[in-house]
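# Overview (structure and organization)
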Amino acid sequence: MSAIAADEMRALIQAMAERVAAKRDDLNRLDAALGDGDHGASISTAFAVAVEETEAIEQPSLSAIWLATAKALMNRMGGASGAIFGTFFLKGVASLRDADRLSHNMMAAVLADGLEGVKARGKASVGDKTMVDALEPAVRAFAAADDFASAWRAAAAAARSGAESTRDLVANQGRAKFLGERAIGQQDPGATTIALMFEAAHDWWKENKQ
Ligand code: ADP
Ligand code: MG
């Protein structure tokens, strides 16, 4: 049965970091339309630090990798969104505890904990034009699948369509809230980042585990 080991989790984080870095300018442009234009720069810098920090761990465990990523996002992204993206990883640390391999069901639980933490922290629900619009359907799709391969595929597709759904919405959270109806027509940058993260994970899985 397939599972994720610590070194593979590190590779997954790295794949996410590379994807977000490749789309840095696009993410900045999305944020320029809805916020202050820094999202691509701050998420890619924070993920690069996360990769460095996870590589520096001498005996990497799943929970240490998740914790280092949480800290990098919280400390290097700054602001409300750094806390929100960091919380996603931080909330999973407790459920990872001393697991050395993750089954699909365990990973689904870690993702669900992260989603719950994000919603508690940011007070956003689906439809508020935030990263939750991509994250919640992705986490649900991941849990509903039977194995990793179909879970990553379904989660990536759900995150992408969730991110695209933000285009038609007005924002009830974050800086875009102040734009009112003028936010309509622009895709949310944070939701787009979530789609990129799940797509990167799916691609990594296809290339390395299938
Ligand atoms: P900032 O708004 O501080 O400049 P970023 O530009 O890095 O931060 O990130 C903006 C993203 O943060 C938004 O696109 C949105 O997805 C996400 N976001 C903002 N507020 C919230 C919230 N309350 N809950 C969930 N996500 C949020
Ligand atoms: Mg911003």
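Up top you'll find the structure we're talking about.
What comes next concerns the included structure.

Reading guide: rules and limits
- Residues numbered from 1 in each chain as written.
- Chains lettered and ligands numbered in written order.
- Predicted model: local features only at pLDDT ≥ 70, side-chain atom pairs only at ≥ 80, totals over all residues.
- Heavy atoms only, no water.
- Phe/Tyr/Trp six-rings, centres within 6.5 Å; stacked < 30°, edge-to-face > 60°.
- Helix = DSSP H or I, 4+ residues; strand = E, 2+ residues; numbered from the N terminus.
- Buried < 20%, exposed > 50% of the residue type's maximum accessible area, 1.4 Å probe, protein only.
- Donors = N, O, S within 2.8 Å, 3.2 Å for Na, K, Ca; no water.
- Core = buried A, V, L, I, M, F, W, Y, C linked by side-chain atoms within 4.5 Å.
- Contact = heavy atoms within 4.5 Å.
- Axes fitted to C-alpha atoms, helices over the stretch in contact; angles between N-to-C directions.
- Parallel < 35°, antiparallel > 145°, perpendicular 65-115°, else oblique.
- Nonpolar A, V, L, I, M, F, W, Y, C, P; charged D, E, K, R; others polar.

## With respect to the packing of aromatic side chains
Counting across every chain of the model gives nine aromatic pairs. Look at Trp 66 and Phe 89: their rings are 4.7 Å apart centre to centre, the planes differ by 65 degrees, and that puts the pair in the edge-to-face class. Here the residue Trp 66 occupies a position in helix α4 (residues 62-77), and Phe 89 occupies one in helix α5 (residues 79-96), the gap between them amounting to 23 residues. When its relative accessible area of 1% is taken as the criterion, Phe 89 is described as buried. Between the aromatic rings of Trp 152 and Phe 198, the centroid separation amounts to 6.2 Å while the plane-to-plane angle is 50 degrees, which identifies the pairing as tilted. Here Trp 152, found in helix α8 (residues 148-165), pairs with Phe 198, found in helix α9 (residues 189-208); they are 46 residues apart in sequence, far enough to count as distant. Using a relative accessible area of 5% as the deciding quantity, one classes Phe 198 as buried.

## Focus: the coordination of the magnesium ion (ligand 2)
Ligation of the magnesium ion (ligand 2) by protein atoms is provided by Asp 31 (OD), Asp 36 (OD) and Asp 38 (OD), these donors lying 2.0 to 2.2 Å from the ion. Sequence spacing of the donors to the magnesium ion (ligand 2): D-x4-D-x1-D. Relative accessible area serves as the criterion here: at 34%, Asp 38 is assigned to the partly exposed category.

## Thoughts on the nonpolar core
Core analysis: the biggest nonpolar cluster contains 60 residues, and Phe 47, Met 107, Trp 152 and Phe 198 have the highest contact counts within it. Only α1 (6-22), α3 (39-56), α4, α5, α6 (104-122), α7 (132-144), α8 and α9 provide two or more residues apiece to this core. The residues touching Phe 198, leaving out its near neighbours within four places in the chain, are Leu 111, Leu 135, Ala 138, Trp 152, Ala 155, Ala 156 and Ala 159.

## Things to note about unusual backbone geometry
With a phi angle near 60 degrees, Lys 123 is a residue other than glycine that sits in the positive phi range. Residue placement: Lys 123 occurs in the loop between α6 and α7. The exposed category is assigned to Lys 123, whose relative accessible area is 59%. Look at Lys 129: it is not a glycine, yet its phi comes out positive at around 65 degrees. Examined against the element boundaries, Lys 129 turns out to sit in the loop between α6 and α7. Classification of Lys 129 by relative accessible area gives buried; the value is 2%.

## Things to note about the packing of helix α2 (residues 24-34) against α3
Two elements in contact, α2 and α3, have axes separated by 6 Å at closest approach and are oriented at 135 degrees. Judged on the interaxial angle alone, α3 and α2 are oblique. Together, Arg 24, Leu 27, Asn 28 and Asp 31 of α2 and His 39, Gly 40, Ala 41, Ile 43, Ser 44 and Thr 45 of α3 make up the contact between the two elements. Tallied by class, the residues present in the contact of α2 with α3 amount to three nonpolar, five polar and two charged.

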